[in-house]
Amino acid sequence: MACTSFTRRRWIAGAAATIAAPAAIAATAPLRVYGITFRGMTDVEKGFEDHFASRKIAVRISWRDMNRDAGRLPGFLDEIRATRPDVVYTWGTSVTLGVTGPYDAVVRGRHVTDIPVVFTLVAAPVLAKIVPDLKAPGRNVTGVTHVVPTEAQIRAIAAYRPFQTLGVLYTPTEPNSVVVIDELRRLGREHGFRLVERSFRLDGARKPMADGATDLVREIKEAGAQWLYLPPDSYLGTLAEGAIVPAAMELGLPTFASTEQLMQAGAMTGLVCRYFNIGQFTAHKVEQIVLGHQAPGTIPVETLKRFSYQIRMPAAHRLKLPPPLPMFNYAELIGGGSAGS
């Protein structure tokens with residue numbers, strides 16, 4: 001049967017990563033960080049700030065928010081060039097590519113090349129061409145990825161309930177989503193499962209639209225999907241709790257989350273990294289550069305070492321899909337949430 005190979009001992013219950021770091025380092029002047037978020041402050045930024053506070057490192061962070069509007073980025077880039085911060089913090093694939101450019105298509109005078117950039121919440125840095133190699137980025141860029149390797153997620157889904165057909169809903173204009181869909185297609189060929197894809201409709205300005213989102217979920221179910229995979233997609237995240245997850249629940253379609261945000265939106269299960277710890281780890285990378293005097297190009301792009309396999313029990317009971325008994329030894333069981341109400 002497809003996708004049944006899985007070593008359950010690999011998954012460690014609900015453990016958050018502990019970032020090993022040397023004793024606190026006193027800075028003579030505050031570190032200056034220019035941070036660009038995509039959709040406002042999240043737990044990632046809270047963890048980022050917490051790292052410096054807990055280490056008693058003086059830092060001055062200038063937060064700027066895209067509010068999902070790419071038209072704001074040129075002004076932010078002008079401000080970066082004018083203020084010359086120590087490090088630029090970027091949230092997500094779209095923001096990072098807008099600041100750094102793809103490694104093989106950098107435009108001098110537009111993209112930031114002479115100030116270190118540390119990214120976070122990027123699903124697939126190599127596939128998105130942010131860095132050519134995770135172990136040796138080779139440019140003035142490094143960062144943290146928040147998504148458990150896609151193949152590991154597929155095995156985690158199969159460990160809960162084997163499947164032959166996987167559904168996925170995504171935004172076609174989000175680079176992070178597109179690269180993950182490409183990876184799912186490859187895994188489908190290798191592991192022998194069929195992928196049912198649907199993408200959000202776009203308006204005349206190529207902005208995704210919520211209209212018809214629940215119909216897309218229904219189409220995925222009617223096409224034979226046994227799971228609905230929720231990729232690391234920012235627009236999907238805005239609709240997950242209010243539309244996508246409830247629609248899937250009504251159709252009896254279990255949902256698997258790729259990120260903590262999507263678990264919080266009500267997904268039945270997921271293998272995720274905690275956003276707060278991702279933020280702490282991102283700040284650790286900044287510390288390595290500014291206080292440790294390490295070149296970004298030599299600092300590996302990494303994710304957390306431990307993941308949390310989360311299961312929303314009310315949703316599992318409602319769908320009559322209790323987790324396999326071995327999962328109770330390591331999974332984090334969530335007792336509430338909108339999906340199970």
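What you see is a predicted model, and the numbers here were worked out from it, not measured in a lab. (Residues numbered from 1 in each chain as written. Predicted model: local features only at pLDDT ≥ 70, side-chain atom pairs only at ≥ 80, totals over all residues. Heavy atoms only, no water.)

What follows covers the environment of Pro162. Looking at the element boundaries, Pro162 is found in the loop between helix H4 (150-160) and strand E6 (165-170). Given the relative accessible area of 32%, Pro162 is considered partly exposed. C-alpha separation for the pair Pro162 and Thr269, spaced 107 residues apart in sequence, amounts to 14 Å. (Helix = DSSP H or I, 4+ residues; strand = E, 2+ residues; numbered from the N terminus. Buried < 20%, exposed > 50% of the residue type's maximum accessible area, 1.4 Å probe, protein only.)

With that settled, consider the pairing of strand E2 (residues 59-65). Pairing of strand E1 (residues 31-37) with E2 involves 7 bridges; the strand directions are parallel. Residue pairing across strands places Thr37 opposite Asp65, the latter belonging to E2. As a crossover connection, the stretch from E1 through helix H1 (residues 43-54) into E2 is right-handed. (Pairing = 2+ DSSP bridges. Right-handed = clockwise from strand over helix to strand, strands pointing away.)

If you walk through the whole model with that rule in mind, you get 1 cavity of 30 Å³ or more. The volume enclosed by the largest cavity comes to roughly 160 Å³. Contributing to the lining of the largest cavity are 19 residues, with Trp91, Leu121, Asn176, Pro232 and Ser234 lying nearest its centre. Only helix H3 (93-100) and helix H8 (260-264) provide two or more residues apiece to the lining of the largest cavity. Considering each element in turn, the lining of the largest cavity owes the most residues, 3 residues, to H3. Partitioned by chemical class, the residues of the lining of the largest cavity number 8 nonpolar, 8 polar and 3 charged. (1 Å grid on protein atoms, 1.4 Å probe; cavity = no way out; pocket = protein on both sides within 12 Å on 5 of 7 lines; lining within 4 Å. Points joined across faces, edges and corners; volume = space filled by probe spheres on them. Nonpolar A, V, L, I, M, F, W, Y, C, P; charged D, E, K, R; others polar.)

The sheet built from 5 strands is open, its strands ordered E2-E1-E3-E4-E5 with parallel pairing. Since the sheet does not close on itself, it has two edges, and those belong to E2 and strand E5 (141-143), each with one partner. When the angles between neighbouring strand axes are averaged without regard to direction, this sheet yields 25 degrees. Where E1 and strand E3 (residues 87-91) come together, 4 bridges link them in parallel fashion. The partner of Ile36 across the bridge, within E3, is Thr90. (Axes fitted to C-alpha atoms, helices over the stretch in contact; angles between N-to-C directions.)

Strand pairing in a sheet relies on backbone hydrogen bonds. The paired strands run either parallel or antiparallel. Pairing within the open sheet is mixed, and its 7 strands lie in the order E7-E6-E8-E9-E10-E11-E12. Only two strands of the sheet have a single neighbouring strand rather than two, namely strand E7 (194-199) and strand E12 (332-334). For this sheet the average axis-to-axis angle between neighbouring strands, irrespective of direction, equals 25 degrees. The pairing of E6 with strand E8 (residues 227-230) spans 3 bridges and is classified as parallel. If you follow Gly167 over to E8, its bridge partner there is Leu228.

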